[in-house]
Structures are given as C-alpha cells and as structure tokens.
Amino acid sequence: MIEMKHVKASGRSAAEISKIVADPGFGKVFTDHMAKAKYSVELGWHDVAIEPYAPFQVDPAMLSLHYGQSIFEGMKAYRWADGSINTFRPLMNAARFQRSAHRLAMPEPTEELFIEMVKQLVATDKAYVPAGGDKSLYIRPFMFASEVGLGVRPANEYLFLVIASPVGAYFDPAKAVSVWVSTEFVRASPGGTGEAKCAGNYAASLIAQAQAKEQGCDQVIWLDAIERKWIEEMGGMNLFFVLGSGDDAQLLTPELTGTLLPGVTRDSLIQLGTDLGYDTHEGRISIDELYEGIQSGRITEVFACGTAAVISPIGQIKSESRNVQIADGLPGAVTMRMRQALLDIQTGVAQDVHNWMYRLA
Ligand SMILES: Cc1ncc(COP(=O)(O)O)c(C=O)c1O
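All figures in this text were calculated on a predicted structure; none of them were measured in a lab. (Residues numbered from 1 in each chain as written. Predicted model: local features only at pLDDT ≥ 70, side-chain atom pairs only at ≥ 80, totals over all residues.)

**Student:** Even after reading the chapter, I still don't get the overall build of the protein, so can you show me in this structure?
**Tutor:** The number of helices and strands found in the protein is eight helices and 18 strands. Summarising its shape, the C-alpha atoms of the protein cover approximately 60 × 50 × 35 Å along the three principal directions. Counting every position in the protein, which comprises 361 residues, the buried fraction comes to 42%. Relative to all contacts within the protein whose residues are 6 or more apart in sequence, the contacts with residues 24 or more apart total 71%. (Helix = DSSP H or I, 4+ residues; strand = E, 2+ residues; numbered from the N terminus. Buried ≥ 20, exposed ≤ 12 C-beta atoms within 10 Å, placed from the backbone. Contact = placed C-beta atoms within 7 Å.)

**Student:** What should I look at first to understand the site of the ligand in this one?
**Tutor:** Inspection of the region around the ligand gives Gly 74, Glu 233, Gly 236, Met 237, Asn 238, Leu 261, Gly 263, Val 264, Thr 265, Arg 266, Gly 306 and Thr 307 as its neighbouring residues. It is helix α6 (residues 264-275) that contributes the most residues to the shell around the ligand, three residues altogether. Looking at the shell around the ligand residue by residue, the classes come out as three nonpolar, seven polar and two charged. (Near = placed C-beta within 6 Å. Nonpolar A, V, L, I, M, F, W, Y, C, P; charged D, E, K, R; others polar.)

**Student:** Whenever I open this one, the packing of α6 against helix α8 (residues 333-346) confuses me. Can you help?
**Tutor:** Packing of α6 against α8 brings their axes to within 11 Å, and their N-to-C directions diverge by 110 degrees. When the axis of α6 is compared with that of α8, the two are roughly perpendicular. Packed against α6, whose contacting residues are Ser 268, Leu 269, Leu 272 and Gly 273, the element α8 presents Met 338, Ala 341 and Leu 342 at the interface. Counted by class, the contact of α6 with α8 contains five nonpolar, two polar and no charged residues. (Axes fitted to C-alpha atoms, helices over the stretch in contact; angles between N-to-C directions. Parallel < 35°, antiparallel > 145°, perpendicular 65-115°, else oblique.)

**Student:** Where do I start with helix α3 (residues 90-103) in this structure?
**Tutor:** Residues lying three or four places apart along an α-helix face the same way, a consequence of the helix completing one turn every 3.6 residues. Here α3 contains 14 residues, and its C-alpha end-to-end distance of 20 Å stays within 8% of the 20 Å for a straight helix at 1.5 Å per residue. Among all positions of α3, only Pro 90, Asn 93, Ala 94, Phe 97, Ser 100 and Ala 101 are buried. Buried residues along α3 cover an arc of 125 degrees about the axis, so they all sit on one side. Looking one or two places after α3, you find Ala 105, whose phi comes out positive at around 55 degrees. (Expected span 1.5 Å × (residues − 1). Arc of directions from axis to C-beta.)

**Student:** Could you clarify how one ought to interpret the packing of α3 against helix α4 (residues 111-124) in this entry?
**Tutor:** Relative orientation and spacing of two packed helices are given, respectively, by the angle between their axes and the distance between those axes. Between α3 and α4, whose axes approach to 9 Å, the crossing angle comes to 125 degrees. In terms of orientation, α3 and α4 fall into the oblique class. Considering how the two elements wind past one another, α3 and α4 form a crossing that is right-handed. Touching Pro 90, Leu 91, Ala 94 and Phe 97 of α3 are Glu 111, Phe 114, Ile 115 and Val 118, all from α4. For the contact of α3 with α4, the per-class residue count stands at seven nonpolar, no polar and one charged. (Left-handed = near helix turned anticlockwise from the far one by under 90°.)

Right, here's the structure in full:
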C-alpha cells in the first residue's frame, strides 16, 4: 500500500470546468492537481503526493536539461455512461515506462506506484473527464533527472510526475492525413532508443516533421536506419496496411525490430483485427512494396494508430520521387470499422472480452 499525501488545490469552479470539458481542444488546459514522487539513490521512492498543479523552480544545472534523461507515457481515461471513469490497458504503459527508464539508466517505478499515482490523480480531478464521443482525459506520466550537476553519468535524483488534460479528437477522423516519407533523417537505429518513450526521440524527429509540413504533408513516415527501405512508423504512431477489402481483407503491421515503439494501440489492434475476422500479421514491408501495392490496388487502406488519435486514416504518401494517393484518398471501411470497434471498448459501449479496461474512479 502506497502512502500518498493529498494537498488540495483551490482549483477552478464547477462552471469553469464544465466549460472546459465541453470544448477541450488538445493538451491546452490541465487539471487542478498533479501526482508527484521523488527518487533518490539514498531514499528510494519517497514523498509521494497529490499536489496542486503548479510550476516548479528548476536549477539551471539540472541534469535532465543537459543530458536528456527524460521519459514519458500517454494514456486516456474515459467517462462511461454509468458515470465510472476507466482507462485502457494501464499495465502496458507501466511496463513500457519501466523499460524506457531502464534504457535511460533511470530508476524503474513499480507497477503499483505508477498505477496508484494515475488512479489518485484521476479520482481527485474526475470532474475534468469529459463525457461522450471522442473526448477523454489525456494522462501524461513523466520522469526526469532532477539532480544538479554537470558530470555526464546517470543522475542520483529524479522526479516522477503525472499530469492530466481533457482532450477532444487529435485529428479529424473523417479526414485522411497525408504523410511525407523521410529519406534524409531516421528516427531510430539498432541499439539506440527507438523502443523507449524518451524525450530525445521526439526532439530528433521534429526536423523531419517540419520538412513534412514544408511539403504540404501532415506527418512523417520513418524508414529503417540501415537500408532506408523498411517502413517503421509514422510520427508518434504505429502503422497498419490493409490488403484486399471486405471480409477477406488482411492487416499487416511492421514487426517490432527494436527500433519501433511498441504501441499499446498496435498490440490491441492485432488482437481486434483477428477478433473481427481479418487475417492479421506482423511483418516487414518496404517503401517500394507499399507504392507497388497501392498502384496495383492490392493495398487498399493505410492507417496509423496510437493513444492520442486512436486511429488516423492515411490518404496520401509523398516522398522526394513519388506522390501517391491511396485508393480514393478517403478514410477506408476497414480503418473506420477498426476505429469504431476499439473506441466502443474504450468508451464502454462494447463488451470488453479481453479485460483491457481498468476502472480508475
Ligand atoms: C513513436 C511512437 N510510436 C507509436 C506510438 C503509439 O503508442 P501507443 O499506442 O501506446 O500510444 C507512440 C505514442 O505513444 C509514439 O510516440
């Protein structure tokens, strides 16, 4: 049992909160509280608390600012029709947070600590969990080296925090996004940090994201670092390819080679695809195979998946040498069926046969 101190924030009024949850945007407004735990080599995890959400003072020599020991997670909580608040497969996020911590030579919070901090924060700020449709409370656990110094080594002190923000849809699901295939930059290389959810991976990806925007595209597709050939993932999401159509459609997602982030949504869609009767595989697909598949009509749909957007249809793929529209460029039937099936489980509309949902409040 984790002892957690609670310090109450004066917070927003009920009327202000209702206004925010009615039209939350994405990641602009945060709830009244945050969960916080400290770690030191001497004391282990200590001072675990729910506190008012507030800025904190940072020493200019704080190690994470210089050497980047900083990791995070992303989860969502949904308000169900019965008033309960539920999240999706949080133990997978806890386990990935531990693996990210391990890769960056940081202490691994126990599963119990991770879950308890999320649970207590959401229970405290449950008025911020929006109801209905695509809305949810986005939960952001993160940890960074808080020790002060300039020596390059694993820090001896860390802060682990959880903050939360009510959110609407990340992308408009009715619109297919366009993607830019980056051949100049790579996201991850073998032996690197591609499997970890560490801040540096995102910093390194932003230049390619900026290039994508210059090319008129919404997102980046990453290829492998060695052959610059095998499709890995898209921006902050994993990818699925639909071969064929109707009940005979097959699903393919790039296999986990060590350079992709193992997404919770990806793992769930592999199961859900099978449940819906689609032949679902993990494997390799090269960028040339993708172009050929689209041109021959064998590949009928492409979509990306992740916690923030759930499933995002892809309508167009562009690179230095090609500009290809997928089928009619609109969200496909299999994509939208998978999206609805997953959202129905997450929002408590469909039966949760795999026990994926976890009640927070
Ligand atoms: C690089 C990257 N790939 C894939 C994903 C999708 O992972 P998940 O489904 O766990 O949100 C994310 C988001 O967390 C990501 O940042």
